[in-house]
Amino acid sequence: MPLMRIPYTAPLPPPIILPTSASTLPGAVAALADFLRPPTTTTAPNGKTVILSGAGISVASGLADYRGSNGTYTLNKTYRPIYYHEFCANHEARKRYWARSFLGWTNLHKSRPNKAHYAVGQLGEMGILSSVITQNVDSFHPKAHPGLRTLELHGYLRSTVCLSCRTEYSRESFQQDLAALNPSWAVFLSEMLSSGALSTENPLERRLKGLKTNPDGDVDVPGIEYTTFRYPACPACLANPPTGTKVQQSRDGAWEPTSTAGVLKPAVIMFGDSIPDPVKLAVEAAVDEAERILVLGSSLATYSAWRLVRRAQELGKPVGVANLGGVRGEEQFFAKVGAGGEGREGVRCSLPLEEVLPALVERLRAGVGASGMSTEIFRPAPWG
Ligand SMILES: [Zn+2]
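Keep in mind it's a predicted model, so treat the numbers as computed, not measured. (Residues numbered from 1 in each chain as written. Predicted model: local features only at pLDDT ≥ 70, side-chain atom pairs only at ≥ 80, totals over all residues.)

Novice: Which residues make up the sheet that holds strand β11 (residues 346–349), and what values go with them?
Specialist: Taking strand neighbours across the sheet as the criterion, the six strands line up as β3-β2-β1-β9-β10-β11 in an open arrangement whose pairing is parallel. Each edge of the sheet is formed by a strand with only one pairing partner; in this case those strands are β3 (150–152) and β11. Strand-to-strand, the axes of this sheet are offset by a mean angle of 20 degrees, without reference to chain direction. One ladder, built from five bridges, connects strand β1 (residues 49–53) with strand β9 (residues 292–296); its direction is parallel. (Pairing = 2+ DSSP bridges. Helix = DSSP H or I, 4+ residues; strand = E, 2+ residues; numbered from the N terminus. Axes fitted to C-alpha atoms, helices over the stretch in contact; angles between N-to-C directions.)

The structure is reproduced here in C-alpha coordinates:
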(Lines give C-alpha, C1' and ligand atoms only; values in the text may rest on other atoms or scores of the structure.)
Protein backbone atom coordinates (compact mmCIF):
# COMPACT_ATOMS: atom_id res chain seq x y z
CA MET A 1 0.00 0.00 0.00
CA PRO A 2 1.46 3.41 -0.87
CA LEU A 3 2.38 5.52 2.12
CA MET A 4 0.84 8.91 1.52
CA ARG A 5 1.77 12.16 3.23
CA ILE A 6 -1.41 13.73 4.63
CA PRO A 7 -1.82 16.63 7.06
CA TYR A 8 -3.31 16.09 10.51
CA THR A 9 -5.36 18.92 11.94
CA ALA A 10 -7.01 17.47 15.05
CA PRO A 11 -6.06 19.12 18.37
CA LEU A 12 -3.15 17.57 20.25
CA PRO A 13 -3.25 16.56 23.94
CA PRO A 14 -1.20 18.47 26.55
CA PRO A 15 2.30 16.98 26.90
CA ILE A 16 2.91 14.12 29.33
CA ILE A 17 6.17 14.50 31.30
CA LEU A 18 7.98 11.24 32.15
CA PRO A 19 9.77 10.56 34.37
CA THR A 20 8.35 13.46 36.38
CA SER A 21 11.92 14.60 37.09
CA ALA A 22 12.17 15.53 33.36
CA SER A 23 10.09 18.66 33.92
CA THR A 24 13.25 20.74 34.56
CA LEU A 25 16.22 21.17 32.24
CA PRO A 26 18.71 19.26 34.48
CA GLY A 27 16.08 16.59 35.10
CA ALA A 28 15.35 16.16 31.39
CA VAL A 29 19.08 16.03 30.58
CA ALA A 30 19.66 13.35 33.25
CA ALA A 31 16.72 11.28 32.01
CA LEU A 32 17.88 11.53 28.39
CA ALA A 33 21.43 10.56 29.41
CA ASP A 34 20.03 7.45 31.07
CA PHE A 35 17.79 6.74 28.07
CA LEU A 36 20.71 6.92 25.60
CA ARG A 37 23.26 5.05 27.75
CA PRO A 38 24.47 2.00 25.80
CA PRO A 39 23.46 -1.24 27.51
CA THR A 40 26.11 -3.62 28.83
CA THR A 41 24.48 -6.43 26.88
CA THR A 42 22.15 -6.06 23.97
CA THR A 43 19.95 -8.17 21.78
CA ALA A 44 19.42 -5.36 19.28
CA PRO A 45 21.53 -5.46 16.12
CA ASN A 46 23.41 -2.23 16.82
CA GLY A 47 22.63 -1.11 20.37
CA LYS A 48 22.31 2.49 19.19
CA THR A 49 19.55 5.07 19.01
CA VAL A 50 17.76 6.29 15.90
CA ILE A 51 16.63 9.94 15.91
CA LEU A 52 13.37 11.04 14.33
CA SER A 53 13.25 14.83 13.98
CA GLY A 54 10.58 17.30 12.92
CA ALA A 55 10.01 21.04 12.39
CA GLY A 56 10.57 21.84 16.09
CA ILE A 57 14.32 21.27 15.77
CA SER A 58 14.58 24.01 13.10
CA VAL A 59 12.65 26.72 14.96
CA ALA A 60 15.88 28.03 16.53
CA SER A 61 17.23 28.44 12.96
CA GLY A 62 14.47 30.98 12.30
CA LEU A 63 12.07 28.64 10.50
CA ALA A 64 8.47 28.39 11.64
CA ASP A 65 7.14 25.03 12.75
CA TYR A 66 3.53 24.02 12.12
CA ARG A 67 1.98 23.79 15.57
CA GLY A 68 4.23 25.67 18.02
CA SER A 69 3.16 28.99 19.58
CA ASN A 70 4.49 30.82 16.50
CA GLY A 71 3.71 27.94 14.13
CA THR A 72 2.17 28.31 10.71
CA TYR A 73 -1.10 26.61 11.68
CA THR A 74 -1.24 28.62 14.91
CA LEU A 75 -0.66 32.09 13.42
CA ASN A 76 -2.31 31.57 10.07
CA LYS A 77 -5.56 29.68 10.48
CA THR A 78 -6.32 29.70 6.77
CA TYR A 79 -2.94 28.35 5.66
CA ARG A 80 -3.36 25.34 3.44
CA PRO A 81 -0.36 23.63 1.82
CA ILE A 82 -0.46 22.73 -1.87
CA TYR A 83 -1.37 19.13 -2.66
CA TYR A 84 0.63 16.97 -5.02
CA HIS A 85 -2.26 16.36 -7.44
CA GLU A 86 -2.96 20.13 -7.65
CA PHE A 87 0.67 20.86 -8.40
CA CYS A 88 0.85 18.18 -11.11
CA ALA A 89 -2.46 19.03 -12.76
CA ASN A 90 -2.70 22.78 -12.56
CA HIS A 91 -0.47 25.39 -14.21
CA GLU A 92 -2.14 28.18 -12.17
CA ALA A 93 -1.47 26.34 -8.89
CA ARG A 94 2.18 25.93 -9.89
CA LYS A 95 2.50 29.66 -10.67
CA ARG A 96 1.19 30.46 -7.19
CA TYR A 97 3.40 27.88 -5.56
CA TRP A 98 6.57 29.05 -7.31
CA ALA A 99 5.85 32.76 -6.74
CA ARG A 100 5.55 32.18 -3.00
CA SER A 101 8.51 29.85 -3.00
CA PHE A 102 10.57 32.45 -4.94
CA LEU A 103 10.07 34.92 -2.08
CA GLY A 104 10.58 32.36 0.67
CA TRP A 105 13.69 30.71 -0.72
CA THR A 106 16.19 33.42 0.20
CA ASN A 107 15.34 33.17 3.88
CA LEU A 108 15.52 29.40 3.88
CA HIS A 109 18.68 29.39 1.77
CA LYS A 110 20.57 31.60 4.20
CA SER A 111 19.25 29.85 7.32
CA ARG A 112 21.72 27.61 9.06
CA PRO A 113 21.57 24.56 11.33
CA ASN A 114 21.37 25.48 15.02
CA LYS A 115 22.88 24.15 18.26
CA ALA A 116 20.40 21.29 18.37
CA HIS A 117 21.48 19.93 14.96
CA TYR A 118 25.16 20.19 15.91
CA ALA A 119 24.46 18.47 19.23
CA VAL A 120 22.90 15.58 17.29
CA GLY A 121 26.13 15.42 15.28
CA GLN A 122 28.16 15.31 18.52
CA LEU A 123 25.99 12.48 19.88
CA GLY A 124 26.71 10.70 16.59
CA GLU A 125 30.47 11.21 17.09
CA MET A 126 30.15 9.58 20.52
CA GLY A 127 28.91 6.46 18.75
CA ILE A 128 25.49 6.33 20.37
CA LEU A 129 23.35 7.18 17.33
CA SER A 130 22.85 4.93 14.32
CA SER A 131 21.08 7.37 12.01
CA VAL A 132 18.75 10.34 11.80
CA ILE A 133 15.37 10.20 10.14
CA THR A 134 14.03 13.70 9.53
CA GLN A 135 10.67 14.97 8.35
CA ASN A 136 12.34 18.31 7.59
CA VAL A 137 13.11 19.43 4.06
CA ASP A 138 15.62 22.15 5.08
CA SER A 139 18.81 20.00 4.70
CA PHE A 140 20.06 21.14 8.15
CA HIS A 141 20.84 17.62 9.38
CA PRO A 142 23.08 16.63 6.44
CA LYS A 143 24.76 20.06 6.66
CA ALA A 144 25.39 19.85 10.41
CA HIS A 145 26.57 16.25 10.54
CA PRO A 146 27.63 14.88 7.14
CA GLY A 147 29.30 11.95 8.91
CA LEU A 148 26.07 10.74 10.54
CA ARG A 149 23.57 9.26 8.10
CA THR A 150 20.40 11.30 7.51
CA LEU A 151 17.29 9.81 5.89
CA GLU A 152 15.04 12.59 4.57
CA LEU A 153 11.55 11.12 4.90
CA HIS A 154 9.82 13.98 3.07
CA GLY A 155 12.57 14.86 0.59
CA TYR A 156 14.46 18.14 0.40
CA LEU A 157 14.10 21.67 -0.95
CA ARG A 158 17.71 21.96 -2.16
CA SER A 159 16.69 20.45 -5.52
CA THR A 160 13.82 20.40 -7.93
CA VAL A 161 12.91 17.18 -9.72
CA CYS A 162 11.24 16.72 -13.10
CA LEU A 163 7.79 15.05 -13.05
CA SER A 164 8.54 13.49 -16.46
CA CYS A 165 12.18 12.36 -16.43
CA ARG A 166 12.97 12.52 -12.65
CA THR A 167 16.17 14.51 -13.30
CA GLU A 168 17.09 16.77 -10.38
CA TYR A 169 17.92 20.43 -10.96
CA SER A 170 19.49 22.68 -8.31
CA ARG A 171 16.97 24.89 -6.52
CA GLU A 172 19.59 27.64 -6.41
CA SER A 173 19.90 27.66 -10.22
CA PHE A 174 16.12 27.44 -10.49
CA GLN A 175 15.91 30.56 -8.28
CA GLN A 176 18.16 32.45 -10.69
CA ASP A 177 15.93 31.34 -13.59
CA LEU A 178 12.84 32.58 -11.73
CA ALA A 179 14.46 35.97 -11.10
CA ALA A 180 15.33 36.32 -14.81
CA LEU A 181 11.80 35.31 -15.93
CA ASN A 182 10.00 37.54 -13.39
CA PRO A 183 11.90 40.83 -13.17
CA SER A 184 9.16 42.73 -11.28
CA TRP A 185 9.01 39.96 -8.67
CA ALA A 186 12.79 40.10 -8.41
CA VAL A 187 12.50 43.83 -7.62
CA PHE A 188 9.83 43.10 -4.99
CA LEU A 189 12.05 40.43 -3.48
CA SER A 190 15.02 42.76 -3.23
CA GLU A 191 12.79 45.41 -1.60
CA MET A 192 11.58 42.87 0.95
CA LEU A 193 15.17 41.83 1.60
CA SER A 194 16.38 45.40 2.08
CA SER A 195 13.42 46.29 4.34
CA GLY A 196 14.53 43.48 6.60
CA ALA A 197 11.14 41.78 6.34
CA LEU A 198 12.81 38.57 5.22
CA SER A 199 15.79 38.73 7.53
CA THR A 200 14.07 38.90 10.92
CA GLU A 201 13.82 35.60 12.75
CA ASN A 202 10.76 36.72 14.67
CA PRO A 203 7.58 35.45 12.99
CA LEU A 204 5.58 38.26 14.62
CA GLU A 205 7.85 40.95 13.14
CA ARG A 206 7.64 39.24 9.77
CA ARG A 207 3.90 39.31 9.98
CA LEU A 208 3.88 43.00 10.90
CA LYS A 209 5.85 43.64 7.71
CA GLY A 210 3.27 41.72 5.71
CA LEU A 211 5.17 38.46 5.46
CA LYS A 212 4.15 35.03 6.67
CA THR A 213 6.62 32.19 6.26
CA ASN A 214 5.84 28.50 6.64
CA PRO A 215 8.09 25.44 7.00
CA ASP A 216 7.91 24.52 3.33
CA GLY A 217 9.83 27.71 2.60
CA ASP A 218 7.24 29.96 0.99
CA VAL A 219 5.84 33.36 1.96
CA ASP A 220 2.33 34.80 1.87
CA VAL A 221 2.20 38.34 0.49
CA PRO A 222 -1.27 39.92 0.78
CA GLY A 223 -2.54 41.61 -2.39
CA ILE A 224 0.01 40.06 -4.74
CA GLU A 225 -1.28 38.44 -7.91
CA TYR A 226 0.26 35.13 -8.82
CA THR A 227 -1.20 34.72 -12.32
CA THR A 228 1.64 36.56 -14.06
CA PHE A 229 4.36 34.41 -12.54
CA ARG A 230 6.46 32.29 -14.89
CA TYR A 231 8.75 29.30 -14.31
CA PRO A 232 11.26 27.41 -16.47
CA ALA A 233 10.98 23.93 -18.00
CA CYS A 234 13.16 20.94 -17.11
CA PRO A 235 16.46 21.45 -18.98
CA ALA A 236 16.83 17.69 -19.59
CA CYS A 237 13.35 17.38 -21.14
CA LEU A 238 13.91 20.49 -23.24
CA ALA A 239 17.09 19.00 -24.68
CA ASN A 240 15.59 15.55 -25.13
CA PRO A 241 11.78 15.35 -24.69
CA PRO A 242 10.53 11.93 -23.45
CA THR A 243 8.96 9.82 -26.23
CA GLY A 244 5.48 10.97 -27.18
CA THR A 245 5.71 14.31 -25.36
CA LYS A 246 6.38 17.88 -26.36
CA VAL A 247 8.13 20.46 -24.23
CA GLN A 248 7.68 24.08 -25.30
CA GLN A 249 9.01 27.28 -23.85
CA SER A 250 8.61 30.97 -24.58
CA ARG A 251 11.41 32.78 -26.38
CA ASP A 252 12.90 33.83 -23.04
CA GLY A 253 12.61 30.41 -21.42
CA ALA A 254 9.26 30.09 -19.58
CA TRP A 255 7.47 26.71 -19.63
CA GLU A 256 4.43 26.91 -21.92
CA PRO A 257 1.12 25.26 -20.93
CA THR A 258 0.94 23.67 -24.41
CA SER A 259 3.72 21.33 -23.18
CA THR A 260 2.92 17.77 -22.13
CA ALA A 261 6.12 17.20 -20.09
CA GLY A 262 9.04 18.94 -18.44
CA VAL A 263 7.41 20.28 -15.26
CA LEU A 264 9.80 20.73 -12.36
CA LYS A 265 8.58 20.21 -8.80
CA PRO A 266 10.45 20.71 -5.51
CA ALA A 267 12.15 17.44 -4.50
CA VAL A 268 9.87 17.18 -1.46
CA ILE A 269 7.01 14.82 -0.72
CA MET A 270 4.03 17.15 -0.97
CA PHE A 271 0.83 16.44 0.91
CA GLY A 272 -1.12 13.81 -1.03
CA ASP A 273 2.10 12.45 -2.53
CA SER A 274 3.45 8.98 -1.69
CA ILE A 275 6.79 8.34 -0.04
CA PRO A 276 8.94 6.38 -2.53
CA ASP A 277 9.37 2.70 -1.61
CA PRO A 278 13.19 2.88 -1.27
CA VAL A 279 12.81 5.70 1.31
CA LYS A 280 10.03 3.85 3.13
CA LEU A 281 12.15 0.69 3.34
CA ALA A 282 15.28 2.58 4.40
CA VAL A 283 13.57 4.35 7.31
CA GLU A 284 11.91 1.13 8.46
CA ALA A 285 15.29 -0.62 8.42
CA ALA A 286 16.79 2.28 10.40
CA VAL A 287 14.13 1.81 13.08
CA ASP A 288 14.47 -1.97 13.12
CA GLU A 289 18.25 -1.96 13.52
CA ALA A 290 18.24 0.54 16.41
CA GLU A 291 17.92 -0.25 20.10
CA ARG A 292 15.55 2.65 20.75
CA ILE A 293 14.02 5.72 19.10
CA LEU A 294 14.27 9.36 20.19
CA VAL A 295 11.85 11.87 18.67
CA LEU A 296 13.12 15.48 18.54
CA GLY A 297 10.80 18.40 17.77
CA SER A 298 7.90 16.53 16.22
CA SER A 299 4.28 16.25 17.29
CA LEU A 300 4.10 13.11 15.07
CA ALA A 301 1.03 14.62 13.47
CA THR A 302 2.11 13.22 10.11
CA TYR A 303 1.19 9.55 9.85
CA SER A 304 4.44 8.60 8.06
CA ALA A 305 6.37 9.72 11.16
CA TRP A 306 3.89 8.48 13.77
CA ARG A 307 3.86 4.96 12.34
CA LEU A 308 7.66 4.70 12.72
CA VAL A 309 7.37 5.32 16.45
CA ARG A 310 4.52 2.85 16.70
CA ARG A 311 6.65 0.34 14.77
CA ALA A 312 9.52 0.80 17.24
CA GLN A 313 7.15 0.34 20.16
CA GLU A 314 5.64 -2.80 18.66
CA LEU A 315 9.17 -4.19 18.38
CA GLY A 316 9.64 -3.56 22.10
CA LYS A 317 12.03 -0.61 21.73
CA PRO A 318 12.01 2.20 24.30
CA VAL A 319 10.60 5.52 23.02
CA GLY A 320 11.83 8.99 23.96
CA VAL A 321 10.15 12.23 22.87
CA ALA A 322 11.53 15.75 23.36
CA ASN A 323 8.94 18.10 21.89
CA LEU A 324 7.44 21.41 23.00
CA GLY A 325 3.75 20.63 23.38
CA GLY A 326 1.62 17.57 22.82
CA VAL A 327 2.25 14.59 20.57
CA ARG A 328 -0.30 12.62 18.60
CA GLY A 329 -1.41 9.54 20.57
CA GLU A 330 1.46 9.88 23.05
CA GLU A 331 -0.29 8.21 26.00
CA GLN A 332 0.05 4.86 24.25
CA PHE A 333 3.80 5.32 23.70
CA PHE A 334 4.39 5.87 27.42
CA ALA A 335 1.74 3.60 28.96
CA LYS A 336 4.39 1.38 30.56
CA VAL A 337 6.83 4.10 31.61
CA GLY A 338 6.84 4.82 35.34
CA ALA A 339 6.68 8.38 36.69
CA GLY A 340 9.50 7.70 39.13
CA GLY A 341 12.00 6.09 36.72
CA GLU A 342 15.38 7.44 35.61
CA GLY A 343 14.72 7.50 31.87
CA ARG A 344 15.92 4.10 30.79
CA GLU A 345 12.44 2.82 29.91
CA GLY A 346 11.35 6.00 28.15
CA VAL A 347 11.52 9.80 28.38
CA ARG A 348 8.99 12.47 27.57
CA CYS A 349 10.00 16.10 28.01
CA SER A 350 8.76 19.44 26.67
CA LEU A 351 11.73 21.83 26.67
CA PRO A 352 13.65 23.74 23.92
CA LEU A 353 15.96 21.37 22.02
CA GLU A 354 18.66 24.01 21.53
CA GLU A 355 19.02 24.02 25.32
CA VAL A 356 18.45 20.34 26.13
CA LEU A 357 20.68 18.74 23.51
CA PRO A 358 23.91 20.78 24.04
CA ALA A 359 23.51 20.22 27.82
CA LEU A 360 23.04 16.51 27.18
CA VAL A 361 26.25 16.39 25.10
CA GLU A 362 28.12 18.21 27.87
CA ARG A 363 26.84 15.81 30.50
CA LEU A 364 27.71 12.70 28.48
CA ARG A 365 31.18 14.09 27.74
CA ALA A 366 31.73 14.70 31.43
CA GLY A 367 30.85 11.06 32.09
CA VAL A 368 28.07 11.82 34.52
CA GLY A 369 25.53 8.99 34.68
CA ALA A 370 21.84 9.22 35.44
CA SER A 371 22.41 9.37 39.20
CA GLY A 372 24.52 12.49 38.77
CA MET A 373 27.22 10.91 40.99
CA SER A 374 29.19 8.68 38.63
CA THR A 375 32.69 9.70 37.57
CA GLU A 376 32.94 6.94 34.98
CA ILE A 377 34.14 8.24 31.60
CA PHE A 378 31.53 7.86 28.90
CA ARG A 379 32.64 5.40 26.24
CA PRO A 380 31.04 4.90 22.84
CA ALA A 381 29.39 1.55 22.37
CA PRO A 382 32.09 -1.06 21.56
CA TRP A 383 30.06 -2.38 18.62
CA GLY A 384 30.01 1.11 17.05
ZN1 LIG B 1 12.64 16.35 -17.36
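Novice: Describe the nonpolar core, and please don't skip the residues or the numbers.
Specialist: Core analysis: the biggest nonpolar cluster contains 55 residues, and Ile 293 and Val 309 have the highest contact counts within it. Among the elements that take part in this core, helix α1 (residues 25–36) stands out by supplying eight residues, more than any other. Counting 36 residues, the second largest nonpolar core, distinct from the first, contains Tyr 97, Ala 99, Met 192 and Phe 271. (Core = buried A, V, L, I, M, F, W, Y, C linked by C-beta atoms within 7 Å. Buried ≥ 20, exposed ≤ 12 C-beta atoms within 10 Å, placed from the backbone.)

Novice: I'd like to hear about the UniProt feature "active site" (unreviewed entry) in the chain, residue by residue, with values.
Specialist: The UniProt record annotates "active site" (unreviewed entry) at His 154. Residue position: His 154 is located in the loop between β3 and β4 (155–162). Those residues within four positions of His 154 in sequence are excluded, and the remaining contacts are Arg 5, Gln 135, Val 137, Val 268 and Ile 269. (UniProt positions renumbered as here; feature names shortened; annotations may be inferred. Contact = placed C-beta atoms within 7 Å.)

Novice: Tell me what's going on with the sheet that holds strand β8 (residues 264–268), and back it up with residues and numbers.
Specialist: Taking strand neighbours across the sheet as the criterion, the three strands line up as β5-β4-β8 in an open arrangement whose pairing is antiparallel. Lying at the two open borders of the sheet, with one neighbouring strand each, are β5 (168–170) and β8. Taking each pair of neighbouring strands and ignoring which way they run, the sheet shows an average axis angle of 45 degrees. With four bridges connecting them, β4 and β8 associate as antiparallel partners. What sits directly across from Thr 160, in β8, is Pro 266. With respect to the sheet, helix α7 (residues 171–181) is in contact with β4, β5 and β8, its orientation differing from that of β5 by roughly 65 degrees.

Novice: Summarise helix α5 (residues 115–125); cite the residues concerned and give the values.
Specialist: Within α5, burial applies to Ala 116, His 117, Ala 119, Val 120, Leu 123 and Gly 124. An end-on view of α5 places all buried positions within 160 degrees of arc, on one side of the element. Each element contacted by the buried residues of α5 is listed here: β1, β2 (129–134), α6 (140–144) and α14 (353–365). (Arc of directions from axis to C-beta.)

Novice: Residues and numbers for the packing of α1 against α14, please.
Specialist: When two helices pack together, their arrangement is given by the angle between the helix axes and by the axis-to-axis distance. Packing of α1 against α14 leaves a shortest axis separation of 9 Å and a crossing angle of 60 degrees. Between α1 and α14, the angle falls in the class oblique. α1 and α14 meet at a crossing whose hand is right-handed. Each of Leu 25, Ala 28, Val 29, Leu 32 and Ala 33 in α1 lies in contact with α14, whose residues at this interface are Glu 355, Val 356, Ala 359, Leu 360, Arg 363 and Leu 364. Considering only residue class, the contact of α1 with α14 consists of nine nonpolar, no polar and two charged. (Parallel < 35°, antiparallel > 145°, perpendicular 65-115°, else oblique. Left-handed = near helix turned anticlockwise from the far one by under 90°. Nonpolar A, V, L, I, M, F, W, Y, C, P; charged D, E, K, R; others polar.)

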